[in-house]
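Architecture at a glance
So you can see what is in the structure, the chains are spelled out below.
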Amino acid sequence: HRAVVSNAEGGQTEATISFLRDTTPPTIRITSPEDGIITSTRVITITGTVDDPKAKVTLGWYGKPIPVVNGTFSVEVTLKEGLNAITIPAIDPYWNYSWVTITIVLDTIPPQISIISPQEGAALNTPVISVTGTVTDQNIAGLTLTVNSGQPQTLTLTGVSFNDAAALSPGPNVLAFQAEDKAGN
């Protein structure tokens, strides 16, 4: 831009000033982990990219700065049990900003299985029995039953309940139930 100043006698002074008008916010992306993952790992590494080399990237709006090298950043985060929403903003020198939020579920608690039937030590006279019970876990992935160390069979969960059939062998039988959640517990 150019400014010209004149006085009453007709003298003029002129000055030129250059400046940059930047209204484009930095673009920030998280490349790992995926949004919405369920994990049993308490400390995770979040990596991502930012397209503005002058942008300041932080963990949270007022958190510690995250170093950016060649447009890539990486930060370790300690999760709390349950849902974690982690926001990483990028702010350029002209106060243009953008942010990304990732949600991660920390689940370190194994599923709990309650067997309703059969009762422990029951004497039965049938080759097939009904197995019923419940599984307590918000992130359940599956439930299996193994009879006498045989092949595991997948049990069907309806909500938190299961009601399935199992074939027995003559004599003593051992039923082993195993539940696994999405975090691998």
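Residues numbered from 1 in each chain as written. Predicted model: local features only at pLDDT ≥ 70, side-chain atom pairs only at ≥ 80, totals over all residues. Heavy atoms only, no water.

Turning our attention to the overall build of the protein. Looking only at helices and strands, one finds zero helices and 18 strands in the protein. The buried share of the protein, taken over its 185 residues, is 30%. Sequence-distant contacts in the protein: of pairs separated by 6 or more residues, those separated by 24 or more amount to 60%. Surface summary for the protein: the accessible area is close to 12000 Å², and the carbon and sulfur share equals 53%. Of note, the protein has its 9 positive side-chain charges centred 11 Å away from the centre of its 16 negative side-chain charges. (Helix = DSSP H or I, 4+ residues; strand = E, 2+ residues; numbered from the N terminus. Buried < 20%, exposed > 50% of the residue type's maximum accessible area, 1.4 Å probe, protein only. Contact = heavy atoms within 4.5 Å. Areas by Shrake-Rupley, 256 points an atom, 1.4 Å probe, with all protein chains shown as cover. Lys, Arg positive; Asp, Glu negative; His and termini not counted. Charge placed at Lys NZ, Arg CZ, Asp CG, Glu CD.)

This part is about the sheet that holds strand β14 (residues 140-147). With antiparallel pairing, three strands are arranged side by side in an open sheet as β15-β14-β18. The two strands at the open ends of the sheet, each matched to only one other strand, are β15 (153-154) and β18 (175-181). For β14 and β18, the ladder comprises seven bridges, and the chain directions are antiparallel. For T144, the partnering residue across the bridge sits in β18 and is Q178. (Pairing = 2+ DSSP bridges.)

On to the sheet that holds strand β8 (residues 68-69), then. Spatial strand order, β3-β5-β9-β8: four strands in an open sheet with antiparallel pairing. At either end of the open sheet lies a strand with only one pairing partner, and these are β3 (28-32) and β8.

The next thing to look at is unusual backbone geometry. A cis amide bond links S32 with the next residue in sequence, P33, at an omega value of 0 degrees. Within the secondary structure, P33 sits in the loop between β3 and β4 (37-39). One non-glycine residue, N70, lies in positive phi territory at about 55 degrees. Tracing the backbone through its elements, the reader meets N70 in the loop between β8 and β9 (72-78). Exposure remark for N70: the relative accessible area of 78% places this residue in the exposed category. Although it is not a glycine, N148 sits at a positive phi angle of roughly 55 degrees. Summarising the element assignment, N148 is placed in the loop between β14 and β15. Its relative accessible area of 31% is what places N148 among the partly exposed residues.

Geometric descriptors of this kind do not, in isolation, establish any biological role.
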